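Residues per chain, in single letters:
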Amino acid sequence: MSIAILFNQKDPLVWMKQLKEKLPEEKIEIYPAIENKDEVEFLLTWKPHQGYVNEFKNLKVVQSVGAGIDHLLHTPIPESIKVTRIVDPALKQDMFEHVLMCIMASMKNTMLYYNDQLNRSWLPKSYQSIHSTTITILGMGEIGKFVAVQLKNLGFQVQGWSNSPKKIDGILTFAGRDALFDSVRTGDFIVNILPLTEETKELLSHSLFQQMANQPVLINVGRGGHMKDEDLVTALDNGLLKAAYLDVFHQEPLEIDHPFWTHPNIYITPHIASITNPDTAIDLVIENYKRFKSNNELQHVVDLKRGY
């Protein structure tokens, strides 16, 4: 039995170091330097290549080192393999801080004033205040609910939409596809934190944008696959949306000639809203590995049919 680390776009060495310190008796290897792939039963991974599960015939657990698992699903995963994800309080806090940063930058015109500074223009602008601002959160899972509650505690008016009903004190909630349009009509900010599934793919499209009555700001910290890119550009150009803060994209890094780079009302960050920190997440991985070895129930197992 051995543990394999298979990372793309993430440094495996810090994970290897901490795993070896805390599991000194275990065989731990970094792909592709695997001595015997048939020994690998526990795979720790981020954005693995196509067909990765087929290389390990005795694989039992695929542990994502992120909160999402859509980056694993380009290859069919047999039912015999358990897929788990990271649920870390630090990830939730980081996501809240990033979303709050985007909201406050927009409310107080930070980017507009920066452009004015470059042009040496002194142009005072009207601004929004917290207590008169409504935020709609799309996706009320572990992270979305946390973000919603933290924003409510600051004094924002907060509402949320999810596939299944949720009840949260002080937050108006909507559930099911039929309620989606109602959830976005009154929002000043629309924050997408949904998991990417077949049902949510390209949810952020013209049919949704045209329901938004307040010319809101869109913040996408879910996945690039939620967005229909050309519809976003059209919605911004036609005034359906005021601006968009985007942290996730169909292709990452974003293609150099993509129109998002140069659009005056799109603000880009390179998928950094909430990054798994091995210092806080490593104990979650180790706990799952120990549970696996002792044939106990794993934590945060994903339902592959639902995609989360």
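Residues numbered from 1 in each chain as written. Predicted model: local features only at pLDDT ≥ 70, side-chain atom pairs only at ≥ 80, totals over all residues. Heavy atoms only, no water.

Q: Could you clarify how one ought to interpret the environment of L13 in this entry?
A: Here L13 shows up in helix α1 (residues 13–22). L13 sits in the exposed class, given a relative accessible area of 55%. (Helix = DSSP H or I, 4+ residues; strand = E, 2+ residues; numbered from the N terminus. Buried < 20%, exposed > 50% of the residue type's maximum accessible area, 1.4 Å probe, protein only.)

Q: Hey, could you run me through the pattern of salt bridges in this one?
A: If charged atoms from side chains of opposite charge come close, those side chains can pair. By the definition in use, this model includes 14 salt bridges. Between D283 and K22 there is a salt bridge, with the nearest N and O atoms lying 2.9 Å from each other. Of this pair, D283 sits in helix α8 (residues 278–293) while K22 sits in helix α1, and the two are 261 residues apart along the sequence. Among the residues examined, D283 registers a relative accessible area of 43% and is labelled partly exposed. The class for K22 is partly exposed, based on a relative accessible area of 39%. K27 is the partner of E35 in a salt bridge, and the nearest nitrogen-oxygen pair spans 2.6 Å. Judged by relative accessible area, E35 falls into the exposed class, the value being 64%. On the accessibility criterion, K27 (25% relative accessible area) is partly exposed. Overlapping salt bridges bring together K27, E35 and E39 as one network. (Salt bridge = Lys/Arg side-chain N within 4 Å of Asp/Glu carboxyl O.)

Q: Quick question: what am I supposed to make of the sheet that holds strand β2 (residues 28–30) here?
A: Within a sheet, each strand pairs with its neighbour through backbone hydrogen bonds, oriented either parallel or antiparallel. Sheet architecture is open: five strands sit in the order β2-β1-β3-β4-β5, paired in parallel fashion. Both outer strands of the open sheet, β2 and β5 (82–84), are each paired with one neighbouring strand and no more. Across the sheet, the mean angle from the axis of one strand to that of its neighbour is 20 degrees, orientation sign disregarded. Across three bridges, strand β4 (residues 61–64) lies against β5 in parallel orientation. Bridge pairing in β5 places V61 opposite K82. Packed on one face of the sheet, α1 meets β1 (2–7), β2 and β3 (40–46) and runs near 175 degrees to β2. Running over the sheet, α8 touches β1, β3, β4 and β5 and is turned about 160 degrees from β3. (Pairing = 2+ DSSP bridges. Axes fitted to C-alpha atoms, helices over the stretch in contact; angles between N-to-C directions. Contact = heavy atoms within 4.5 Å.)

Q: Help me out: how do you make sense of the layout of surface pockets in this one?
A: Empty space among the atoms becomes apparent when a probe as large as a water molecule is rolled across them. For the second largest pocket, the calculated volume is near 570 Å³. Considering the residues around the second largest pocket, the lining is formed by 25 residues, among which D70, H71, L73, L196 and R223 are closest to the centre. (1 Å grid on protein atoms, 1.4 Å probe; cavity = no way out; pocket = protein on both sides within 12 Å on 5 of 7 lines; lining within 4 Å. Points joined across faces, edges and corners; volume = space filled by probe spheres on them.)

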